[in-house]
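Architecture and fold: a report
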Amino acid sequence: MSDTPLMISIEHVHKWFDDFHVLKDINLTVREGERIVIAGPSGSGKSTLIRCINRLEAHQEGRIMVDGVELTDDLKRIDAVRREVGMVFQQFNLFPHMTVLENCTLAPIWVRKMPQAEAEKLAMKFLERVKIPEQAKKFPGQLSGGQQQRVAIARALCMQPKIMLFDEPTSALDPEMIKEVLDVMVELAQDGMTMVCVTHEMGFARQVANRVVFMDEGEIVEEAAPEIFFSTPKNERTKAFLAQIL
Amino acid sequence: MQSVKWLRKNLFSDVWNSALTLFALWVIYISVPPLLDWAIFKAVWEGNGNTCREITSGACWPFVKANLGQFIYGRYPESELWRVNLTFVLGVAGLIPMLMPSAPAKKWNLIYLVVAYPLIAIVLLAGDRPGLVGVDTSLWGGLLVTLVVAVTGIVVSLPLGILLALGRRSDMPAIRMLSIAFIEFWRGVPLVTVLFMASVMLPLFLPEGVSFDNLLRCLIGVALFSSAYMAEVVRGGLQAIPRGQYEAARAVGMSYWQTMGLIILPQALRHVIPGIVNTFIGLFKDTTLVLIVGIFDLLGQVRAQLSDPNWAVPEGATTGYVFAALVFWVFCFGMSRYSVFMERRLNTDHRN
């Protein structure tokens, strides 16, 4: 992987919410095709970090480059980055007033200016990929949590992004639905998508991650390949965390 | 037998319930028959002012009948009434398909109603074009004025109110401050004051010789006033939309206006349909206030006709006011029912 181009580079990034120092000197690079899992206790800043990558949160110090574009206050650049970066949220955030198909075609039509027929064809392709093409005409409120999250993944994929961000995609799901979402994510990883996932699913991390990043109190405490991360963690905080969740 | 069972179950199930039923029946007994007597059975239906002076047991409907023209058109010249009627018909023709969810071509319908129709209406009603005699707005009156003021207020206040609500939640301090100042100013003054200012004070500030129409000034005042109220109703809806909706829209690269127009407003407005219609209804009834600046809306026209010595009859005022109330009620009730219909339809559409 070390020879593929850099997709995300985060250098010395700091962020504060008022007086609270959420991100402290974060350094992280992600290369094309890499799959990074960010783990850590709640409040460690992992969600904030992933939201900085598509500028849903602004960082105050340091530099974030995504696909060769530096994130600044320039709205044009931000929109350019967001077009190439798909995001899946903990709470799905589907648009409840639109059908599943409309949820998927909206951004391609309005942001990519794709003709409607083409957008629908594309949407159906991705809905098939997340295994719910038969729900295309339904509204999100009529679907289960797992189905909604798969639609959310399809919606993000319809923009044909270069990078996919997952912010705790399975945390709001009932246990029996977690697997159907993880299966879709694993397939996506196998197809070579560049992925950054904040998740507590350590089985998923073991299976697909190239690197696991452990965060605590706004810092990256440890960064290692999963086999090393899970078997021989170096840091005490990592050990304590792993002891709790495994 | 079925009905006896029903009565037992629903109206006389226990002592308390029976007492309430009897009380309700008594209230109906003392209120409804006299009302019907007054309005129908003992009312005067045919005749003139003299008949109404002789028979004073009930409503004087000939008063309404004889003055219906004034109640609807004010002092609009008789030979030109077709213009008002045509304006009305064109408006209804545009409005009905707009209100029916199943009717096609909503986009063109909306453009007709919001862009083309107001221009047509201005030309038709005010005239002053080749082939049309100009009709000064001081001659307009009655239901015509009521509808002109209400419709203008409604058509202007919704889009302006939406913009103000968005402005008040904007990240840009200048826009936010301006929106807040505008909303709080217009909400802070009574409509009566606004109308007085528009009609009496404004001309004092304008240079000599520059004047513009009294009715137009009131229209602007009413529109801005109701926009401020509408803005707050819409803002309530905007606040009900979870932050995740904004984030999801922004995360796929949608611009601010796309996010608002396609994601946030369609949901927010749906939440506040009752509030929006409430504001419309309030506005519709507030149009009667234009009376104080010398514009005769429906109610004003009723009052004006009462001062006609021919109709100085005992039940004239009551009859006139009941008639005006009835007309207002029909319009307001219509709006209310339509809003209930829309709410139901939109809810069954998407919620599980």
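Residues numbered from 1 in each chain as written. Chains lettered and ligands numbered in written order. Predicted model: local features only at pLDDT ≥ 70, side-chain atom pairs only at ≥ 80, totals over all residues. Heavy atoms only, no water.

1. Details of the confidence of the model for chain B
For clarity, the threshold we go by: What pLDDT expresses is the predictor's confidence in each residue, scored from 0 to 100.
Of all residues in chain B, 98% have pLDDT values of 70 or greater, and the mean over the chain is 89. Both scores are given for the predicted complex: the pTM is 0.86, the ipTM 0.91.

2. Focus: the layout of surface pockets
To keep things clear, this is the line we draw: Two kinds of site are reported from a 1 Å grid over the protein atoms alone, namely cavities, where a 1.4 Å probe fits but cannot get out, and pockets, open sets with protein on both sides within 12 Å along at least five of seven lines, and residues are called lining when an atom falls within 4 Å of a point. Grid points are joined across faces, edges and corners, and a volume is the space filled by probe spheres set on the points. Helix and strand assignments come from DSSP, with helices taken as H or I runs of at least 4 residues and strands as E runs of at least 2, each series counted from the N terminus. Classification convention: Asp, Glu, Lys, Arg as charged; Ala, Val, Leu, Ile, Met, Phe, Trp, Tyr, Cys, Pro as nonpolar; all other residues, Gly among them, as polar.
The calculated volume of the second largest pocket comes to roughly 1100 Å³. Lining the second largest pocket are 27 residues; nearest its centre among them are B:Arg169, B:Asp171, B:Tyr246, B:Arg250 and B:Tyr256. Contributing elements (two or more residues each) for the lining of the second largest pocket: α2 (75-84) of chain A together with α7 (142-168), α11 (243-251) and α12 (256-271) of chain B. Tallied by class, the residues present in the lining of the second largest pocket amount to 12 nonpolar, four polar and 11 charged.

3. Details of the nonpolar core
Filter applied, for reference: Throughout this description, the term nonpolar core refers to a set of buried Ala, Val, Leu, Ile, Met, Phe, Trp, Tyr and Cys residues connected via side-chain atoms within 4.5 Å. Each residue is assigned to one of three classes by its accessible area relative to the maximum for its type, calculated with a 1.4 Å probe on protein chains only: buried under 20%, partly exposed between the two thresholds, exposed over 50%. Whether two residues are in contact is decided by their heavy atoms, any of which lying within 4.5 Å being enough.
Judged by nonpolar contacts, the single largest core of 119 residues is most densely connected at A:Ile10, B:Tyr76, B:Trp140 and B:Ile263. Counting residues per element, this core draws most heavily on α7(B), at 12 residues. Apart from residues no more than four positions distant in its own chain, B:Ile263 is found in contact with A:Phe95, A:His97, A:Met98, A:Leu106, B:Gln245, B:Ala249, B:Met254 and B:Gln258.

4. Focus on the interface of chain B and chain A
What counts here: Buried area is a sum: the accessible area each of two parts loses on coming together, probed at 1.4 Å, counted once for each and added. Take a side-chain nitrogen of Lys or Arg and a carboxyl oxygen of Asp or Glu: if they are within 4 Å of each other, that pair is a salt bridge. Residues adjacent in sequence count toward polar contacts only when both atoms are side-chain atoms; beyond that, a polar contact is any pair of N or O atoms within 3.5 Å, and within protein one must be able to donate a hydrogen and the other to accept it.
Residue-level contacts link 20 residues of chain B with 24 residues of chain A. Of the roughly 2000 Å² buried where chain B meets chain A, counting both sides, 60% is carbon and sulfur surface. At the junction of chain B with chain A, the criterion picks out one salt bridge. A salt bridge links A:Arg51 to B:Glu247, with the shortest nitrogen-to-oxygen separation between them at 2.6 Å. Seen at the junction of chain B and chain A, the total is six residue pairs in polar contact (both at pLDDT 80 or more). The element that contributes the greatest number of residues to the side of chain B that touches chain A is α11(B), accounting for eight residues. For the side of chain B that touches chain A, the class distribution of residues is eight nonpolar, seven polar and five charged.

5. Things to note about the packing of α11(B) against α12(B)
All names here are of chain B. Our working rule: Note on definitions: angles span 0 to 180 degrees between N-to-C directions of axes, and those axes are lines fitted to C-alpha atoms, for helices only across the stretch in contact. Put simply, a crossing is left-handed when the front helix is turned counterclockwise from the back one by less than a right angle, and right-handed when it is turned clockwise.
For the pair α11 and α12, interaxial distance at closest approach is 10 Å and the crossing angle is 145°. In terms of crossing hand, the pair formed by α11 and α12 is right-handed. The residues of α12 that touch α11, namely those facing Gln245, Tyr246, Ala249 and Arg250, are Tyr256, Thr259, Met260, Ile263, Ile264 and Gln267. Here the contact of α11 with α12 is built from residues that sort into six nonpolar, three polar and one charged.

6. Side note on the pairing of strand β8 (residues 194-198) of chain A
All names here are of chain A. Put simply, the test is: What makes two strands pair is DSSP finding at least two bridges between them. A crossover counts as right-handed when, viewed with the strands pointing away from the observer, the path leading from the first strand over the helix to the second turns clockwise.
Within β8, five of the five residues are buried, which leaves the element mostly enclosed by the surrounding structure. Judged by which residues are buried, β8 turns out to be covered on both faces: Thr194, Val196 and Val198 on one side and Met195 and Cys197 on the other are all buried. In this structure, strand β3 (residues 35-39) lies alongside β8, joined through four bridges in parallel fashion. Among the inter-strand pairings, valine 37 is bridged to a residue of β8, identified as cysteine 197. Alignment of strand β7 (residues 163-167) against β8, held across five bridges, turns out to be parallel. By the bridge assignment for β8, methionine 164 is matched with methionine 195. Handedness of the β-α-β unit built from β7, helix α6 (residues 175-190) and β8 comes out right-handed.

7. Structural notes on the sheet that holds strand β4 (residues 61-66) of chain A
All names here are of chain A. Spatial strand order, β2-β1-β4-β5: four strands in an open sheet with antiparallel pairing. Taken across any chain shown, the strands that pair with only one partner, and hence form the sheet edges, are β2 (20-31) and β5 (69-70). Where strand β1 (residues 6-17) lies against β4, five bridges are found, and the strand directions are antiparallel. Paired with serine 9 across the two strands is methionine 65, which belongs to β4. Packing of helix α1 (residues 46-53) onto the sheet brings it into contact with β1, β2 and β4, and relative to β1 it is tilted by some 125°.

8. Focus on empty space enclosed by the protein
Counted under the stated rule, the structure contains two cavities of 30 Å³ or more. There is about 80 Å³ of room inside the largest cavity. In terms of lining, the largest cavity is formed by A:Arg82, A:Val85, A:Gly86, A:Met87, A:Phe89, A:Ala152, A:Arg155, A:Ala156, A:Met159, B:Ala248, B:Ala251 and B:Val252. Broken down by secondary-structure element, the contributors of at least two residues to the lining of the largest cavity are β6 (85-88) and α5 (145-157) of chain A together with α11 of chain B. Classifying every residue of the lining of the largest cavity by side-chain character gives nine nonpolar, one polar and two charged. For the second largest cavity, the full set of lining residues is A:Arg129, A:Val130, A:Ile153, A:Leu157, A:Val184, A:Glu187 and A:Leu188. Sorting the residues of the lining of the second largest cavity by element identifies α5 and α6 of chain A as the ones contributing at least two each. In terms of residues, the lining of the second largest cavity owes the most to one element, α6(A), which gives three residues. In the lining of the second largest cavity, the residues fall into five nonpolar, no polar and two charged.

9. Topic: the packing of aromatic side chains
Our working definition: A pair of aromatic rings is counted whenever rings of Phe, Tyr or Trp (Trp by its six-membered ring) have centres within 6.5 Å, and the orientation is called stacked for planes under 30 degrees apart, edge-to-face for over 60 and tilted otherwise. Here, a charge over a ring means that NZ of Lys or CZ of Arg falls within 6 Å of the ring centre while also lying within 35 degrees of the ring normal.
This model, assessed by the stated rule, comprises 19 aromatic pairs over all chains. Taking the centre distance of 6.5 Å and the plane angle of 55° together, the rings of B:Tyr76 and B:Trp140 count as tilted. In this pair, B:Tyr76 sits in the loop between α4 (61-73) and α5 (81-99) while B:Trp140 sits in the loop between α6 (106-126) and α7, placing the two residues 64 residues apart along the sequence. Of the two residues, B:Tyr76 and B:Trp140, neither departs from the other in class, the shared state being buried. The interplanar angle of 85° and the centroid separation of 5.1 Å between the aromatic rings of B:Tyr256 and B:Trp257 together place this pair among those described as edge-to-face. Residue class for B:Tyr256 comes out partly exposed when judged on its relative accessible area of 30%. By relative accessible area, which is 55% here, B:Trp257 ends up exposed. By the ring-pair criterion, three or more aromatic residues cluster together here, those being A:Phe214, A:Phe229, A:Phe230 and A:Phe241. Just above the ring of A:Phe230 sits the side chain of A:Arg206; from NZ or CZ to the centre is 4.5 Å.

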